[in-house]
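Observations on the three-dimensional arrangement
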Amino acid sequence: MITFRGVSKTYPDGTSAVDGLSLTVEAGSMTVFVGPSGCGKTTAMRMINRMIEPTEGTIEINGSDAASRRPAQLRRGIGYVMQHAGLLPHRTVVDNVATVLRLTGQSRKEARSASYEVLTRVGLDESLAGRYPSQLSGGQQQRVGVARALASDPPILLMDEPFSAVDPLVRQDLQQELLRLQDELKKTIVFVTHDIEEALLLGDRIAVFGPGGVLQQHDSPERVLTAPANDFVSRFAGRERGIRSLAFASASQVRIAPTEPPQGGRVSLRDGWALLVDDAGRPDAWEAPSQERTPVTSTLSEDGSLRSAVDAVLSSPAHTAPVTDSSGALIGTAERDDIFAALASRPGG
């Protein structure tokens, strides 16, 4: 657990980077610090591992004042992932990951062995271990950065806009990988971003920072969207707050029509349309009455959200959302009118 108690950072020229910050990051949770550039979110995060020293207040880690510990000792229990990975260019991937372990006293052989394990954990093939950072893609470099931070199994992980320098598709993959790792490892994570969509996706809790490093709201993602604390939070969350909030609303009220077993991989729909499934029964393509085919790009899982229902039906040329089970196999369909009726029945809908 990380606790900020009245923490401020003021520079000699009078600039206030963080002002009176008080909040708690619960053990095993991911808290996202989000806000526009220059609002103090990165400064606040860097005060946790004493890369920056606070001017006022205290930061406690599991009830102990961080200032009472030597920075080097403190940082051994805190992983750190930065925006551009920060890999050592003259060392191979495996030796980059092993760096922290070597600093803790492990032999080169022990450190390398452990590094191979953590590379696999973050989704990197062992064949990349002997390459140098310049031989990797941006997404691969970021995975190596995460692996290095996790190598010594620290209870706390600080992540400073780690995915902002990669393209959108790679970024989505990295975000999903982080969610998978967190579900498995249950680290205490502080993640910094300026992207509200990323914050809503990743955070158990979101801390919205405003001008002058003042905390505007510390709340669940759903509350930030549906009950913004003030006009600043409302504007920062954007005009799409209503649509984004659908990600936290269950689609359980949407009427689902069970599908008949597909004949030859084909499920007949209304108006001459058909839904084609692959050998595993997963939705694959839409077939128009003209037999022209369009790939299925979005589906609704049986325990999915209203937002995923809307996404699925709006991306469907047949105005029908495929509904799938946990394995991705087709179990039914939902019609556009039924999805919109569920939207309209929501409070305020």
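For the structure given in this document, a descriptive report is provided here. (Residues numbered from 1 in each chain as written. Predicted model: local features only at pLDDT ≥ 70, side-chain atom pairs only at ≥ 80, totals over all residues. Heavy atoms only, no water.)

1. A few points about the pattern of salt bridges
Applying the stated rule across the entire model yields 21 salt bridges. Between Glu287 and Arg293 there is a salt bridge, with the nearest N and O atoms lying 3.3 Å from each other. Through salt bridges that share partners, Arg121, Arg143, Glu177, Arg180 and Glu184 make up one connected network. (Salt bridge = Lys/Arg side-chain N within 4 Å of Asp/Glu carboxyl O.)

2. Thoughts on the sheet that holds strand 14 (residues 283-287)
The strand order across the open sheet formed by 4 strands is 12-13-14-15, and the pairing between neighbours is antiparallel. The sheet terminates laterally at strand 12 (266-268) and strand 15 (293-295), the two strands that pair on one side only. In this sheet, adjacent strand axes meet at a mean angle of 30 degrees when their direction is disregarded. Across 3 bridges, the pairing between strand 14 and strand 15 is antiparallel. Note on strand 15: the bridge partner recorded for Glu287 is Arg293. (Pairing = 2+ DSSP bridges. Helix = DSSP H or I, 4+ residues; strand = E, 2+ residues; numbered from the N terminus. Axes fitted to C-alpha atoms, helices over the stretch in contact; angles between N-to-C directions.)

3. Points about empty space enclosed by the protein
To find leftover empty space, one rolls a probe the size of a water molecule over the atoms. Summed over all chains, the structure comprises 2 cavities of 30 Å³ or more. A volume near 70 Å³ is recorded for the largest cavity. Around the largest cavity, the lining residues are Val122, Gln142, Arg143, Val146, Met159, Phe163, Leu174, Glu177, Leu178 and Leu181. Looking at the lining of the largest cavity, the elements with two or more residues in it are helix 5 (138-150) and helix 6 (168-185). For the lining of the largest cavity, the element with the highest residue contribution is helix 6, accounting for 4 residues. Looking at side-chain class alone, the lining of the largest cavity contains 7 nonpolar, 1 polar and 2 charged residues. (1 Å grid on protein atoms, 1.4 Å probe; cavity = no way out; pocket = protein on both sides within 12 Å on 5 of 7 lines; lining within 4 Å. Points joined across faces, edges and corners; volume = space filled by probe spheres on them. Nonpolar A, V, L, I, M, F, W, Y, C, P; charged D, E, K, R; others polar.)

4. With respect to the pairing of strand 8 (residues 188-193)
With 6 of 6 residues buried, strand 8 lies mostly within the body of the structure. Inspection of the sheet shows strand 3 (residues 30-34) paired to strand 8 by 5 bridges, in the parallel sense. Residue pairing across strands places Met30 opposite Ile189, the latter belonging to strand 8. Where strand 7 (residues 156-160) and strand 8 come together, 5 bridges link them in parallel fashion. (Buried < 20%, exposed > 50% of the residue type's maximum accessible area, 1.4 Å probe, protein only.)

5. Observations concerning the nonpolar core
Looking at soluble globular proteins, one finds that nonpolar side chains tend to be buried together. Among the nonpolar cores identified, the biggest contains 44 residues, and Met159, Leu178 and Phe191 are the most heavily contacted of them. Apart from residues no more than four positions distant in its own chain, Met159 is found in contact with Met45, Val81, Val146, Leu178, Ile189, Val190, Phe191 and Val192. By size, the runner-up hydrophobic cluster in this structure holds 26 residues, among which are Phe4, Val7, Leu74 and Ile78. (Core = buried A, V, L, I, M, F, W, Y, C linked by side-chain atoms within 4.5 Å. Contact = heavy atoms within 4.5 Å.)

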